[in-house]
Amino acid sequence: MLCECFVTVLSCEKLDADIVDPRPIIEALQDIGWVIPVTEEQDSHEFFHVLMSSLSDTQLSTAPTVSWSHSYSIIQQRVTCCDPVVTSRSPFHGTLASCLVKSASLEKQPTKYDVFESVSVSVQRQSTQAAARLVGHNSSLQRFGVTTLEHCLQHYVQSEAVEIGSKELSASECQTTYVKQLTFGKLPECLAIHIQRTYWHASGIPFKDNTYIHFPYVLDMSPYVHNTTLSKRCYQLVSVICHVGDVFSGHFITYRRLKLNPSVNDPSVPSRWLYTSDTVVRPASQEEVTSATAYMLFYERMPNKHNSL
């Protein structure tokens with residue numbers, strides 16, 4: 001049921017339709033046990049993981065294995081509903097590589113790989129001078145602080161010292177200082193990045209961090225990978241989700257890239273952006289998109305000829 005609803009929404013070919021109704025997906029999730037009151041506010045990142053984990057748990061082959069920018073007819077051709085033989089991996093499926101290196105001898109422990117379908121990065125503000133270089137004299141963007149997505153990703157994979165005792169290692173090892181290095185072991189077809197914007201004051205009161213994060217239209221993941229020989233490390237921005245409101249309440253809006261010729265999977269093909277808020281859909285400029293205070297970013301891996309790094 002969930003796979004059928006998911007594909008039905010994605011493969012809707014009624015281009016003249018004003019609205020694609022997502023309620024069947026909500027109802028399908030409720031049928032398998034999720035409690036999602038439609039009258040209450042939900043977090044987009046939490047819902048994303050509910051949807052991805054449910055599709056994975058049911059072991060159905062309906063998660064699209066083609067790029068988001070392909071035409072819906074191509075998605076229909078490649079996806080087989082409820083076929084127990086065919087299996088497909090989520091396009092958001094990737095792995096993180098974690099490695100421990102002993103500080104004294106540089107001895108490495110075996111690399112550990114963990115699966116991810118989205119990456120949550122914390123907000124790491126940059127200096128005032130760096131912020132000025134990014135946004136110039138745009139005071140509205142500097143109001144809450146400025147940083148870059150690359151700076152946040154660099155902090156995400158930054159090495160850290162950890163103390164490991166004999167219980168974590170062999171019986172002959174005493175407590176030793178290691179350096180833990182986190183990198184991307186396998187990059188997904190579609191890269192979902194969640195920006196953590198909820199933090200807590202020392203008093204325990206939560207607040208929303210509205211720091212402006214400058215995100216690129218084309219993202220190069222080369223500095224963050226475990227294996228430097230990996231190909232296809234460049235990604236193109238396809239969607240931005242923003243949260244409007246405070247830490248307690250608000251509304252999610254989306255910017256979505258729409259190709260003028262969706263049958264061609266080439267980033268050089270002209271495209272335009274759409275702003276969507278419930279039933280409100282209007283054109284948006286690329287400047288409006290890149291000036292948004294992003295909560296989630298979705299990138300699509302670019303074709304081989306654009307990944308010659």
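Cut-off values and rules
- Residues numbered from 1 in each chain as written.
- Predicted model: local features only at pLDDT ≥ 70, side-chain atom pairs only at ≥ 80, totals over all residues.
- Heavy atoms only, no water.
- Axes fitted to C-alpha atoms, helices over the stretch in contact; angles between N-to-C directions.
- Helix = DSSP H or I, 4+ residues; strand = E, 2+ residues; numbered from the N terminus.
- Left-handed = near helix turned anticlockwise from the far one by under 90°.
- Contact = heavy atoms within 4.5 Å.
- Nonpolar A, V, L, I, M, F, W, Y, C, P; charged D, E, K, R; others polar.
- Polar contact = N/O pair within 3.5 Å; in protein donor to acceptor, adjacent residues only side chain to side chain.
- Core = buried A, V, L, I, M, F, W, Y, C linked by side-chain atoms within 4.5 Å.
- Buried < 20%, exposed > 50% of the residue type's maximum accessible area, 1.4 Å probe, protein only.
- Pairing = 2+ DSSP bridges.

### As for the packing of helix H2 (residues 23-31) against helix H3 (residues 44-57)
1) Next: At a closest axis distance of 11 Å, the pairing of H2 and H3 adopts a crossing angle of 65°. Where H2 crosses over H3, the two elements pack in a sense that is left-handed. Where H2 abuts H3, its residues Ile25, Ile26 and Leu29 lie against Phe47, Val50, Leu51 and Ser54.
2) Next: Tallied by class, the residues present in the contact of H2 with H3 amount to 6 nonpolar, 1 polar and no charged.

### A closer look at the side chain of His194
1) Next: Considering the arrangement of structural elements, one finds His194 in strand S7 (residues 190-196).
2) Next: Here Tyr295 takes part through its side chain, which lies 3.2 Å from a polar atom of the side chain of His194.
3) Next: Filtering out sequence-adjacent residues up to four positions away, His194 remains in contact with His45, Val119, Ser120, Val121, Tyr295 and Met296.

### A look at the nonpolar core
1) Next: Counting residues in hydrophobic clusters, the biggest one holds 35 residues, and the most contacted among them are Tyr255, Leu297 and Tyr299.
2) Next: Mapped by element, the contributors of at least two residues to this core are strand S3 (119-122), helix H7 (149-156), strand S6 (176-186), S7, strand S12 (234-245), strand S13 (250-259), strand S14 (271-277) and strand S16 (294-301).
3) Next: Discounting residues that sit within four places of it in the chain, Tyr255 has contacts with Val238, Ser239, Val240, Cys242, Trp273, Leu274, Tyr275, Ala284, Glu288, Val289 and Ala292.
4) Next: Ile26, Ile36, Met52 and Met296 belong to the second-largest nonpolar core, a separate cluster that totals 17 residues.

### Quick word on the pairing of S14
1) Next: As defined by bridge partners, S13 adjoins S14 across 6 bridges and the pair is classed as antiparallel. Looking across to S14, one finds that Tyr255 is bridged to Tyr275.
2) Next: In the sheet, S14 pairs with strand S15 (residues 280-284) via 5 bridges, with the strands oriented antiparallel. If you follow Trp273 over to S15, its bridge partner there is Ala284.

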